Amino acid sequence: MRQLRVHLERILTDPSHPYFGRVNGIISLVTVISILAVILETVPELSGAAPALAGVEYGVLAFFTAEYLVRMSASPRRLRYAASVSGVIDLLAILPSYLILMHPWGFGLIRILRLARVLRFAKVVRHRQAMLAMAMQKKTHTRLHLLNLEIYFLALGSAVLLLASAYYAVEGHQPAFATMPLSILWIVETLFGGSISRALPETIAGEVVSVVTRFVGAVLFGFLIAVVGGFVARFLFGTERLEE
């Protein structure tokens, strides 16, 4: 039994394990599907798709619950995993859905809490970072630059989802931010230095999210310059210069 736990832990956490990429790839795919379902649920025009989205939610909930239990049982220090950032994110991905099942009367408030599931997108980024570390060890420079670019877009997507979720939670009373897609659009506009819409935050929390969004935009712009600079340096100076 102990050998099985050790094997499961390696599959879930060790990038050198042959099944790490496949298993975490499946987890990442389910994560993206679940986030899309949560986003679409906020669009009133898609109310007709509610049964299908509910089916997706039940399937995702079962998957994430099984993953949480497997990670908990495979961890050599279960309490440490449960209290870790990763463990808390995994718990937040399933707890609001169970609260909805037990207390349907609180659906409106708890549905907002379900937006915490977008935090799992950060685990997708971590998975790709682990693959980047493996590429660095193998010195596959072409693949390395592609992974750098991929991680940039994953980091951008993660930032957009987290900020849009926060903005929707505090400014969702405004028609301009009444759905997650509208909030995502506003965050993207702000990240890239401008705003097509004239909508402005009406709460202090919204102002804070707006300031954080502009700061994150500046950081991501610097990251993008570094990534593009790597491509240019390799093109101009070759692999040998990069290794120095």
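Predicted, not measured: the structure shown is a model, and the values here were computed from it.

### Observations concerning the side chain of Thr179
Right, on to step 1. Inspection of the secondary structure puts Thr179 in the loop between helix 9 (141-171) and helix 10 (180-191).
Right, on to step 2. Once you skip the residues sitting within four places of it in the chain, Thr179 turns out to touch Thr42, Val43, Pro44 and Tyr168.

### Re the pattern of salt bridges
Right, on to step 1. Scanning the entire structure with this criterion turns up 5 salt bridges.
Right, on to step 2. Each of Glu67, Arg71, Asp90 and Arg120 takes part in one network of salt bridges that share partners.

### With respect to the packing of aromatic side chains
Right, on to step 1. This structure, assessed with the given rule, holds 6 aromatic pairs.
Right, on to step 2. The interplanar angle of 65 degrees and the centroid separation of 6.0 Å between the aromatic rings of Phe63 and Phe64 together place this pair among those described as edge-to-face.
Right, on to step 3. By relative accessible area, which is 1% here, Phe64 ends up buried.
Right, on to step 4. Between Tyr152 and Phe153, the aromatic rings sit 5.3 Å apart at their centres with planes inclined by 70 degrees, giving edge-to-face as the arrangement.
Right, on to step 5. Assessed through its relative accessible area of 4%, Tyr152 is described here as buried.

### A word on the nonpolar core
Right, on to step 1. Ranked by size, the top nonpolar core spans 30 residues in total, and within it Phe121, Leu161, Met180, Ile184, Ile187 and Leu191 carry the most contacts.
Right, on to step 2. When contributions to this core are tallied by element, the ones reaching two or more residues are helix 2 (20-40), helix 8 (121-138), helix 9, helix 10 and helix 11 (204-243).
Right, on to step 3. At 11 residues, the largest contribution of residues to this core is made by helix 9.
Right, on to step 4. Ignoring sequence-local partners within four residues, the contact set of Met180 consists of Ile39, Thr42, Leu115, Leu161, Ala164, Ser165 and Tyr168.
Right, on to step 5. Core analysis: the next-biggest nonpolar cluster, separate from the first, contains 9 residues, Val60, Tyr81, Ala93 and Ile94 among them.

### So, the confidence of the model for the chain
Right, on to step 1. Across the chain, the average pLDDT comes to 80, with 80% of residues at or above 70.
Right, on to step 2. Considering each helix and strand of the chain separately, the mean pLDDT is smallest for helix 7 (residues 107-113), with a value of 62, and largest for helix 3 (residues 50-74), with 91.
Right, on to step 3. Across residues 240-244, confidence stays below pLDDT 50; counting only partners more than four residues off in sequence or on other chains, it has 5 contacts.

### Here we look at the packing of helix 1 (residues 2-13) against helix 3
Right, on to step 1. For the pair helix 1 and helix 3, interaxial distance at closest approach is 8 Å and the crossing angle is 120 degrees. The angle between helix 1 and helix 3 falls in the class oblique. With respect to the hand of their crossing, helix 1 and helix 3 are arranged in left-handed fashion. In this structure, helix 1 contributes Arg5, Leu8, Glu9 and Leu12 to the contact, and helix 3 contributes Val70, Arg71, Ser73 and Ala74.
Right, on to step 2. Here the contact of helix 1 with helix 3 is built from residues that sort into 4 nonpolar, 1 polar and 3 charged.

### Some words on the environment of Pro201
Right, on to step 1. Summarising the element assignment, Pro201 is placed in the loop between helix 10 and helix 11.
Right, on to step 2. According to the relative accessible area criterion, Pro201 is buried, its value standing at 13%.
Right, on to step 3. Pro201 sits 25 residues away from Ala176 along the chain, and the two C-alpha atoms are 9.9 Å apart.
Right, on to step 4. Sequence-distant contacts of Pro201, defined by excluding residues within four places in its chain, comprise Tyr167, Glu171, Gln174, Trp186, Gly206, Glu207 and Ser210.

### Structural notes on the packing of helix 2 against helix 3
Angle between the axes and distance between the axes are the two parameters that describe a pair of packed helices.
Right, on to step 1. The N-to-C vectors of helix 2 and helix 3 enclose an angle of 140 degrees; their axes lie 10 Å apart at closest approach. Between helix 2 and helix 3, the interaxial angle falls into the category oblique. Here the hand of the crossing between helix 2 and helix 3 comes out left-handed. Of the residues in helix 3, those touching helix 2 at Asn24, Ile26, Ile27, Val30, Thr31, Ile33, Ser34, Ala37 and Leu40 are Leu53, Val56, Val60, Phe63, Phe64, Glu67 and Arg71.

### Thoughts on the side chain of Thr65
Right, on to step 1. Mapped onto the fold, Thr65 is located in helix 3.
Right, on to step 2. Discounting residues that sit within four places of it in the chain, Thr65 has contacts with Ile94 and Tyr98.

### Looking at a nonpolar patch on the surface
Right, on to step 1. Together, Tyr58, Tyr98, Leu101 and Met102 make up an exposed nonpolar region whose accessible area comes to about 430 Å².
Right, on to step 2. Looking at which element gives the most residues to the nonpolar patch, the answer is helix 6 (residues 95-102), with 3 residues.
Right, on to step 3. By secondary structure assignment, the location of Tyr98 is in helix 6.
Right, on to step 4. Judged by its relative accessible area of 31%, Tyr98 falls in the partly exposed class.

Basis of the calculations
- Residues numbered from 1 in each chain as written.
- Predicted model: local features only at pLDDT ≥ 70, side-chain atom pairs only at ≥ 80, totals over all residues.
- Heavy atoms only, no water.
- Helix = DSSP H or I, 4+ residues; strand = E, 2+ residues; numbered from the N terminus.
- Contact = heavy atoms within 4.5 Å.
- Salt bridge = Lys/Arg side-chain N within 4 Å of Asp/Glu carboxyl O.
- Phe/Tyr/Trp six-rings, centres within 6.5 Å; stacked < 30°, edge-to-face > 60°.
- Buried < 20%, exposed > 50% of the residue type's maximum accessible area, 1.4 Å probe, protein only.
- Core = buried A, V, L, I, M, F, W, Y, C linked by side-chain atoms within 4.5 Å.
- pLDDT = per-residue confidence, 0-100.
- Axes fitted to C-alpha atoms, helices over the stretch in contact; angles between N-to-C directions.
- Parallel < 35°, antiparallel > 145°, perpendicular 65-115°, else oblique.
- Left-handed = near helix turned anticlockwise from the far one by under 90°.
- Nonpolar A, V, L, I, M, F, W, Y, C, P; charged D, E, K, R; others polar.
- Patch = residues over 30% accessible without salt bridge, like charges linked within 9 Å, V, L, I, M, F, W, Y side chains within 5 Å.
- Areas by Shrake-Rupley, 256 points an atom, 1.4 Å probe, with all protein chains shown as cover.

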